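# Structural overview for review
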Amino acid sequence: AMALDAGHFEAAEAHATHCTRLAPTHFGAWLVAGFARAGLGERDRSLGALLRAIRLAERADPRQLPPAIRQGLSEASRRVRQRLAEVLDASLDPVAREYGEADVARLRKGAAIFAGFAPPGFAHPLWRPGLFYIPDLPVRMFFEREEFDWHALAEAAYPAIRTELLACLEDAEAAGFSPYVDHAEGTHEAQVWAEVNRSKRWSSLHFFRHGEPRPEAHARCPATSAMLEAVDLQRIPGYGPEAMFSVLQPGSRIPPHYGSVNGRLIVHLPLVVPADCGGLRVGTETRGWEEGRLLIFDDSFQHEAWNHSDAVRTVLIFDTWNPALSPGEREATRAVLVAVQGFEAALLGEAGVSG
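Since this is a predicted model, take the numbers as computed values, not measurements. (Residues numbered from 1 in each chain as written. Predicted model: local features only at pLDDT ≥ 70, side-chain atom pairs only at ≥ 80, totals over all residues. Heavy atoms only, no water.)

Bringing the overall build of the chain into the picture now. The helix and strand inventory of the chain stands at 13 helices and twelve strands. On the principal axes, the C-alpha backbone points of the chain span a range of 75 × 50 × 40 Å. Here the analysis covers contacts within the chain between residues at least 6 apart in sequence; of these, 74% occur between residues at least 24 apart. Seen as two clouds, the 36 positive and the 46 negative side-chain charges of the chain have centres 5 Å apart. (Helix = DSSP H or I, 4+ residues; strand = E, 2+ residues; numbered from the N terminus. Contact = heavy atoms within 4.5 Å. Lys, Arg positive; Asp, Glu negative; His and termini not counted. Charge placed at Lys NZ, Arg CZ, Asp CG, Glu CD.)

Glancing now at the packing of helix α3 (residues 27–39) against helix α5 (residues 67–99). A pair of packed helices is captured by two measures, namely the crossing angle of their axes and the spacing between those axes. Where α3 contacts α5, the two axes come as close as 11 Å, and the packing angle between them is 55°. Classified by the interaxial angle, the pair formed by α3 and α5 is oblique. When the axes of α3 and α5 are compared, the crossing they make is left-handed. The segment α3 lies against α5, with Phe27, Leu31, Phe35 and Ala38 engaging Ile69, Gly72, Leu73, Glu75, Ala76 and Arg79. In the contact of α3 with α5, the residues fall into seven nonpolar, one polar and two charged. (Axes fitted to C-alpha atoms, helices over the stretch in contact; angles between N-to-C directions. Parallel < 35°, antiparallel > 145°, perpendicular 65-115°, else oblique. Left-handed = near helix turned anticlockwise from the far one by under 90°. Nonpolar A, V, L, I, M, F, W, Y, C, P; charged D, E, K, R; others polar.)

Below, the discussion takes up helix α6 (residues 105–114). Those residues of α6 that fall on the buried side of the exposure criterion are Arg106, Leu107, Arg108, Gly110, Ala111 and Ile113. Two residues or fewer after α6 comes Gly116, characterised by a positive phi angle close to 85°. (Buried < 20%, exposed > 50% of the residue type's maximum accessible area, 1.4 Å probe, protein only.)

Counted residue by residue, strand β11 (residues 303–307) has five buried out of five residues, so it is predominantly covered. Neither face of β11 is exposed, since His303, Ala305 and Asn307 on one face and Glu304 and Trp306 on the opposite face are all buried. Where strand β6 (residues 252–257) lies against β11, four bridges are found, and the strand directions are antiparallel. Each bridged residue has a counterpart across the sheet, and for Ile254 the counterpart in β11 is Ala305. Sheet topology note: the strand β8 (residues 278–282)/β11 ladder contains five bridges and is antiparallel. By the bridge assignment, Arg281 is partnered in β11 with Glu304. (Pairing = 2+ DSSP bridges.)

Bringing the layout of surface pockets into the picture now. Rolling a probe over the atoms, with the probe sized like a water molecule, indicates the empty space that remains. When its volume is computed, the largest pocket comes out at roughly 920 Å³. In this structure, the largest pocket is lined by 39 residues; those nearest its centre are Tyr180, His257, Gly259, Arg264 and Asp299. Of all the secondary structure elements, the ones that give two or more residues to the lining of the largest pocket are β3 (202–209), β5 (243–248), β6, β7 (264–272), β11, β12 (313–321) and α13 (327–351). Broken down by class, the residue content of the lining of the largest pocket amounts to 19 nonpolar, 13 polar and seven charged. What lines the second largest pocket is a set of 13 residues, and nearest its centre among them are Arg55, Val80, Arg81, Leu84 and Glu344. (1 Å grid on protein atoms, 1.4 Å probe; cavity = no way out; pocket = protein on both sides within 12 Å on 5 of 7 lines; lining within 4 Å. Points joined across faces, edges and corners; volume = space filled by probe spheres on them.)

With that settled, the discussion passes to the packing of aromatic side chains. Per the counting criterion, the structure on display carries ten aromatic pairs. Between Phe142 and Phe297, the aromatic rings sit 6.2 Å apart at their centres with planes inclined by 55°, giving tilted as the arrangement. Of the two residues, Phe142 is situated in strand β1 (residues 142–143) and Phe297 in strand β10 (residues 295–297); the sequence distance between them amounts to 155 residues. Both residues of the pair, Phe142 and Phe297, count as buried. Where Tyr180 meets Trp202, the ring centres are 4.5 Å apart and the plane angle is 40°; that geometry is what we call tilted. Highlighted residues: Tyr180 in the loop between β2 (178–179) and α10 (188–192) and Trp202 in strand β3, separated in sequence by 22 residues. With relative accessibility at 27%, the residue Tyr180 sits in the partly exposed group. (Phe/Tyr/Trp six-rings, centres within 6.5 Å; stacked < 30°, edge-to-face > 60°.)

Here it is in structure tokens:
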């Protein structure tokens with residue numbers, strides 16, 4: 001640190017890098033390495049080291065950190081966020097050239113919010129996307145099925161899809177059903193999801209997960225697979241589509257939570273709905289399921305679901321685009337989320353670390 005303060009960047013960088021090799025979790029050494037590399041003009045290597053310091057410091061109690069370290073982490077965060085804002089803005093430039101600047105305006109605002117340079121200004125107190133917020137979209141919790149030109153196609157496939165589901169449920173484990181929520185015990189997430197964490201109370205069989213197809217499920221359920229290919233799924237590498245059979249056991253409740261991205265809508269095709277089953281609350285609105293009739297909502301509002309009956313409730317879930325987004329805004333959303341996905345990995349790679 002003294003060499004850094006004196007402007008001896010090469011010596012500071014060499015010493016700090018040596019320390020990180022001996023003690024890879026020493027965030028103070030990563031901070032010094034990052035600032036020294038900045039002094040040497042190595043911006044991406046600098047930011048990678050600073051990001052590493054930030055991630056390691058998240059495990060520490062900030063009240064126990066010396067003021068100089070807290071100040072250094074604050075400056076590190078500002079620099080990393082500035083680079084993130086530049087990367088996200090640049091990802092939108094090709095879309096703007098193709099569709100026009102108006103079609104990327106909302107996403108540029110969202111990028112500034114994501115990078116921490118603009119307040120989110122959520123348009124509703126129960127609207128809190130966990131990852132990325134697209135501002136200025138209409139405040140809508142549920143959407144009507146008639147707004148989507150593929151709704152009749154999806155509903156017409158209901159009898160065949162239900163038959164495939166029931167066949168899968170005859171031997172759920174062999175079909176590939178598993179608990180939908182799987183957080184390590186003792187974590188904050190495990191506490192939040194305690195009722196259904198690692199539990200068959202809420203289980204799923206995925207056709208797509210984070211955008212990747214599950215060939216076994218598609219082969220087992222050809223009618224379901226064909227319908228999913230025919231509707232307007234939200235396709236974003238690393239994020240979507242998501243599609244699955246979702247089974248909620250009798251007397252079970254999915255706790256209130258938020259989805260990751262607005263601009264995406266969740267579609268339920270109810271397949272098995274017992275009498276007096278329960279319902280789905282999204283924000284301030286609650287609706288029930290009707291077999292074969294689509295239920296469509298924005299899951300970035302706080303939402304919860306429950307099955308108060310004495311039989312299982314099963315729906316096919318998949319995601320689609322919010323119709324308020326233009327074709328250009330869809331492309332802009334893809335571009336931003338792909339850039340978000342690769343940002344940290346790229347910087348940490350530059351820093352000479354992994355994970």
